[in-house]
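Topology and contacts: notes
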Amino acid sequence: MKFTRFLIFFIVLVLIFFGIIIIDRLSDEYVLIKDESEINIFVKKVKYKRGMVLLNDSISLSGNCPMLFKAKTNKNPTVLGDFSGPYRLIKKKSNDTVKIVIIYDTIYFKFIDITK
């Protein structure tokens, strides 16, 4: 009798846990940038969530895009998720380069398409 109550309780907990995960995943209303996407936006608000960079609460892309050209003195790996706004983000269609323009500086990143 105790075992069946424990089993039912355990199954209910597992269902609640997976229900919360599914609801959390479905509640994200972000547009995912893909390789075929073209974007040119001014980013004011940047969030980093689950390895993704969320731009202006509407657009997401991988935060692990590595910088293409690093200064020789910088030995630390720099990725897209390290930068906060405001900046202009530009990506051409079917191009693997993401460009960030901060005031007069331009930084290039290799685009990682997480949908493949």
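Numbers given to residues run from 1 along each chain, matching the order in which its sequence is written. With the structure being a predicted model, the display of local features is reserved for residues of pLDDT at least 70 and the display and counting of side-chain atom pairs for 80 or more, all residues being used for whole-chain, interface and lining totals. Working from all heavy atoms in the structure, the side-chain values ignore hydrogens and water.

1. Examining the nonpolar core
Counting residues in hydrophobic clusters, the biggest one holds 19 residues, and the most contacted among them are I41, L55, Y87, L89 and F109. Numbering goes from the N terminus for both helices and strands, where a helix is a DSSP run of H or I of at least four residues and a strand is a run of E of at least two. Elements with a minimum of two residues in this core: β2 (39-43), β4 (52-55), β5 (59-62), β6 (87-91), β7 (97-102) and β8 (105-110). It is β2 that contributes the most residues to this core, three residues altogether. The contact rule is simple, with two residues in contact once any of their heavy atoms fall within 4.5 Å. Beyond its immediate stretch of four places on either side in the chain, F109 contacts C65, P66, M67, L68, T78, V79, L80, F83, D96, T97, V98 and I100. Buried Ala, Val, Leu, Ile, Met, Phe, Trp, Tyr and Cys residues that are joined via side-chain atoms within 4.5 Å together make up what is termed a nonpolar core. In this scheme, a residue with accessible area under 20% of its type's maximum is buried, one over 50% is exposed, and one in between is partly exposed, where area comes from a 1.4 Å probe on protein chains only.

2. A look at a nonpolar patch on the surface
What goes into a patch is any residue over 30% in relative accessible area without a salt bridge, connected to like charges within 9 Å or, for nonpolar side chains (Val, Leu, Ile, Met, Phe, Trp, Tyr), within 5 Å. Computed with the Shrake-Rupley method and a 1.4 Å probe, the accessible areas treat only the protein chains shown as cover for residues. Here, a salt bridge means any Lys or Arg side-chain nitrogen found within 4 Å of an Asp or Glu carboxyl oxygen. Taken together, the side chains of F3, F6, L7, F10, I11 and L15 present a nonpolar region at the surface, about 650 Å² in accessible area. Position of F10 among the secondary structure elements: in helix α1 (residues 2-27). For F10, a relative accessible area of 46% corresponds to the partly exposed category.

3. Focus: the sheet that holds β8
Here, a strand pair is defined by DSSP locating no fewer than two bridges between the strands. In space, the four strands of this open sheet follow the order β2-β6-β7-β8, with antiparallel pairing throughout. Both outer strands of the open sheet, β2 and β8, are each paired with one neighbouring strand and no more. On average, adjacent strands in this sheet sit at an angle of 20° to one another, irrespective of strand direction. Here, axes are lines fitted to C-alpha atoms. For helices the fit covers the stretch in contact, and angles between N-to-C directions go from 0 to 180 degrees.

4. Some words on the side chain of K91
With respect to the helices and strands, K91 occurs in strand β6. Here K91 falls in the buried class, since its relative accessible area comes to 1%. Any pair of N or O atoms that falls within 3.5 Å is considered a polar contact. Within protein, one atom must be able to donate a hydrogen and the other to accept it, and sequence-neighbouring residues count only if both atoms are side-chain atoms. There is a polar contact of 3.0 Å between the side chain of K91 and the backbone oxygen of S37. Here the side chain of K91 touches N95 through a polar contact of 3.2 Å, landing on its backbone oxygen. Discounting chain neighbours no more than four positions away, the residues touching K91 are I33, K34, D35, S37, E38, I39, T97, V98 and F111.

5. A look at the sheet that holds strand β3 (residues 46-49)
Taken in spatial order, the four strands make up an open sheet running β1-β5-β4-β3, and their pairing is mixed. Pairing within the sheet leaves two strands with one partner each, and these edge strands are β1 (31-32) and β3. Bridge analysis of β1 against β5 gives two bridges, and the strand direction is parallel. Across the sheet, V31 pairs through a bridge with I59, a residue of β5.

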